[in-house]
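Listed below, chain by chain, are the residues.
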Amino acid sequence: MVSEFCPAASYAVISDSTVGPRYAERLTQALSAAAPCRLLTFPAGEGHKTRETWSNLIDQLLEAELGRDGAIVAVGGGVVGDVAGFVAATYLRGIRYVQVPTTLLAMIDSSIGGKTGIDTEIGKNLVGAFHQPTLVVADVATLASLPIKQLAAGVAEAVKHGAIADADYVTSISANAREILARNPAAMADLVRRSVEIKAGVVAADEHEQGQRAVLNFGHTVGHAVEAASGYELLHGEAVALGMVVEAALGSTLGITKAGTAGALESVLQQFDLPTQLPEAWSAERILQAMRHDKKNRAGSIRVTLLHSLGEVANSGAGEWTHAVDEAAVHHALSPGF
Ligand SMILES: NC(=O)c1ccc[n+]([C@@H]2O[C@H](COP(=O)([O-])OP(=O)(O)OC[C@H]3O[C@@H](n4cnc5c(N)ncnc54)[C@H](O)[C@@H]3O)[C@@H](O)[C@H]2O)c1
Ligand SMILES: [Zn+2]
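Residues numbered from 1 in each chain as written. Chains lettered and ligands numbered in written order. Predicted model: local features only at pLDDT ≥ 70, side-chain atom pairs only at ≥ 80, totals over all residues.

Engineer: Any chance you could explain the overall build of the protein chain here in plain terms?
Structural biologist: Across its full length, the protein chain carries 14 helices and 11 strands. Computed over its C-alpha atoms, the radius of gyration of the protein chain comes to 20 Å, within 12% of the 20 Å expected for a compact globule of 338 residues. Dimensions of the protein chain, computed from the C-alpha atoms along their principal axes, are close to 60 × 45 × 40 Å. Considering only residue pairs separated by 6 or more positions, the protein chain has 72% of its internal contacts joining residues 24 or more positions apart. (Helix = DSSP H or I, 4+ residues; strand = E, 2+ residues; numbered from the N terminus. Rg over C-alpha atoms; globule rule 2.2 N^0.38 Å. Contact = placed C-beta atoms within 7 Å.)

This is the structure we're talking about:
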């Protein structure tokens, strides 16, 4: 598939220490039949989505003399996809690359849309580039080995796709929860197909995030803050699950989101053991502080993507997809027992 749709003079497969031995070695061997192919790996985990990993990979490609007619193949989760994509975006001013996502989150979210990048000490994803992959190949069979918490975190983003674009999709995720948790291949393929359709549709309308792409941030203003406040103990998707419930409640308080939306989201997310309530020990103030640092805030205000109802985002008018909300309302929605 890779050599057919992205033919190249040579390939560099980039993976991490977990996915490398499990899947990338085999792919490297298979691709070698088509063109010279080497495997580069780095240690797994968000902690390695760094400048150091990026520059090590670039140096290895330079030493191997990969040319502009070469291509990179990213095999792994979102961390591998983001780093390898950024290597492809910057190496020799940009070469082609293929995404082979192996987590549910990477299949339905990070491999689609062309955002690549790395983290810095100041924050996540602050250095990067838009660089579209030539091809994305998702093999749902790889999900069999994915830890259940990682699988559920991916489901949270699928629920988000339903929440912003298709209420029936949320219903079907709930109805098929058992098959999804068992990684039934047909159920996984349905999930990946529908989520990719929704995400790709949004991205195609606004590739460089000028406006409409902000609908994909539903659950993320609160989610990012919760993720940071947890010291990154919570997985991104777990934080987004909680963030969606809080943002739906917030929207209802403001009279923008139909009553009952937060409850509907909560019940499907709970089927996957995803967190939907702020732990008692966490004060609303702690989350608000993290929110004030959100890089997407403009002119000091907190901006949130709000739903009109399940399946439909509330447009705030004049091409704006986010709403400025005051801290008191956010504080209220974050308060225990709300
Ligand atoms: N570019 C984008 O648009 C975009 C969108 C969303 C998220 N992201 C980024 O994606 C990253 C998160 O991605 P992720 O959740 O895939 O995390 P990840 O890449 O860290 O993968 C999670 C863990 O699972 C392991 N793993 C991957 N596939 C496996 C498999 N099939 N079997 C067993 N283990 C496997 C990995 O080695 C890793 O330890 C974050 O850095 C986030 O910023 C990017
Ligand atoms: Zn997300």
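Engineer: Explain the domain arrangement of the protein chain here, please?
Structural biologist: Where the parts come together, the accessible area they lose is often given as the size of the interface. By domain assignment, the protein chain separates into domain 1 (2-144) and domain 2 (147-334). Placing a centre on the C-alpha atoms of domain 1 and another on those of domain 2 gives a separation of 27 Å. Domain 1 puts 16 residues into the contact, and the matching count from domain 2 is 22 residues. A per-element tally of the side of domain 1 that touches domain 2 places helix α5 (residues 104-110) first, with 5 residues. Across the side of domain 1 that touches domain 2, the residue classes break down as 11 nonpolar, 3 polar and 2 charged. (Domains from an automatic or database assignment. Nonpolar A, V, L, I, M, F, W, Y, C, P; charged D, E, K, R; others polar.)

Engineer: Before we go on, may I ask you to explain the site of ligand 1 in this structure?
Structural biologist: Surveying the vicinity of ligand 1 reveals 28 residues, the closest of which are Thr 18, Gly 77, Gly 78, Thr 103 and Ser 110. Counting residues per element, the ones that place at least two in the shell around ligand 1 are α4 (78-90) and α5. Broken down by class, the residue content of the shell around ligand 1 amounts to 7 nonpolar, 14 polar and 7 charged. (Near = placed C-beta within 6 Å.)

Engineer: What is the right way to read the environment of Ala 8 from this model?
Structural biologist: Examined against the element boundaries, Ala 8 turns out to sit in the loop between α1 (2-5) and β1 (11-16). Between the C-alpha atoms of Ala 8 and Glu 312, which are 304 residues apart in sequence, the distance is 42 Å. What Ala 8 contacts, discounting residues up to four positions off in sequence, is Ala 35, Asp 69, Gly 70, Ala 71 and Arg 96.

Engineer: Got a minute to help me understand unusual backbone geometry in this structure?
Structural biologist: For residues besides glycine, phi is generally negative; the peptide bonds are generally trans as well. Within the chain, Glu 65 stands out as a residue other than glycine whose phi angle is a positive 55°. You can call Glu 65 exposed: it has 8 C-beta atoms within 10 Å. Of note in this structure, Arg 93 is not a glycine but carries a positive phi near 65°. Mapping Arg 93 onto the fold places it in the loop between α4 and β4 (96-101). (Buried ≥ 20, exposed ≤ 12 C-beta atoms within 10 Å, placed from the backbone.)

Engineer: Even after reading the chapter, I still don't get the packing of helix α13 (residues 284-292) against helix α14 (residues 327-334), so can you show me in this structure?
Structural biologist: For any two helices packed against each other, the geometry is given by the interaxial angle and the distance between the axes. Two elements in contact, α13 and α14, have axes separated by 9 Å at closest approach and are oriented at 135°. Comparing the axis directions of α13 and α14 gives the class oblique. For the pair α13 and α14, the sense of crossing is right-handed. In this structure, α13 uses Ala 284, Ile 287 and Leu 288 to contact α14, whose residues at the interface are Glu 327, Val 330, His 331 and Leu 334. Per-class residue counts for the contact of α13 with α14 are 5 nonpolar, 1 polar and 1 charged. (Axes fitted to C-alpha atoms, helices over the stretch in contact; angles between N-to-C directions. Parallel < 35°, antiparallel > 145°, perpendicular 65-115°, else oblique. Left-handed = near helix turned anticlockwise from the far one by under 90°.)

Engineer: Before we go on, may I ask you to explain the sheet that holds β4 in this structure?
Structural biologist: Two strands in a sheet stick together by hydrogen bonds in their backbones, pointing the same way (parallel) or opposite ways (antiparallel). The strand order across the open sheet formed by 5 strands is β2-β1-β3-β4-β7, and the pairing between neighbours is parallel. In the strand order of this sheet, the two ends are held by β2 (37-42) and β7 (135-136), each with one partner. The pairing of β4 with β7 spans 2 bridges and is classified as parallel. In the strand pairing of β7, Val 98 is matched with Leu 135. (Pairing = 2+ DSSP bridges.)

Engineer: Help me out: how do you make sense of the environment of Val 192 in this one?
Structural biologist: Mapped onto the secondary structure, Val 192 falls in helix α9 (residues 185-205). Placed 52 residues apart in sequence, Val 192 and Val 140 show a C-alpha to C-alpha distance of 8.4 Å.

Engineer: Even after reading the chapter, I still don't get helix α12 (residues 261-270), so can you show me in this structure?
Structural biologist: Side chains that are three or four residues apart share a direction in an α-helix, a result of its 3.6 residues per turn. Within α12 the residues assigned to the buried category are Thr 261, Ala 262, Leu 265, Val 268 and Leu 269. Considered in projection along α12, the buried side chains sweep an arc of 135° and stay on one side of the axis. On the buried face of α12, the contacting elements are α6 (148-165), α7 (167-175), α11 (236-253) and β9 (307-309). (Arc of directions from axis to C-beta.)

Engineer: Any chance you could explain the nonpolar core here in plain terms?
Structural biologist: For soluble globular proteins, nonpolar side chains are generally found buried alongside one another. Val 155, Ala 156, Val 159, Ala 163 and Leu 265 are the most contacted members of the largest nonpolar core, which has 66 residues in total. At 10 residues, α11 tops the list of elements feeding residues into this core. Both domains that meet at this core, namely domain 1 (2-144) and domain 2 (147-334), each give it at least three residues. Other than its neighbours up to four places away in sequence, Val 155 contacts Leu 104, Ile 173, Ile 180 and Phe 272. Counting 36 residues, the second largest nonpolar core, distinct from the first, contains Leu 31, Ala 74, Val 80 and Tyr 91. (Core = buried A, V, L, I, M, F, W, Y, C linked by C-beta atoms within 7 Å.)

Engineer: Honestly, the packing of helix α10 (residues 220-229) against α13 in this entry has me stumped. Any pointers?
Structural biologist: For the pair α10 and α13, the least separation of the axes is 8 Å and the interaxial angle reads 110°. Here α13 runs roughly perpendicular to α10, going by the angle between their axes. Two secondary-structure elements touch here, α10 through Thr 221, Val 222, Ala 225, Val 226, Ala 228 and Ala 229 and α13 through Arg 286, Ile 287, Ala 290 and Met 291. Among the residues forming the contact of α10 with α13, the class breakdown is 8 nonpolar, 1 polar and 1 charged.

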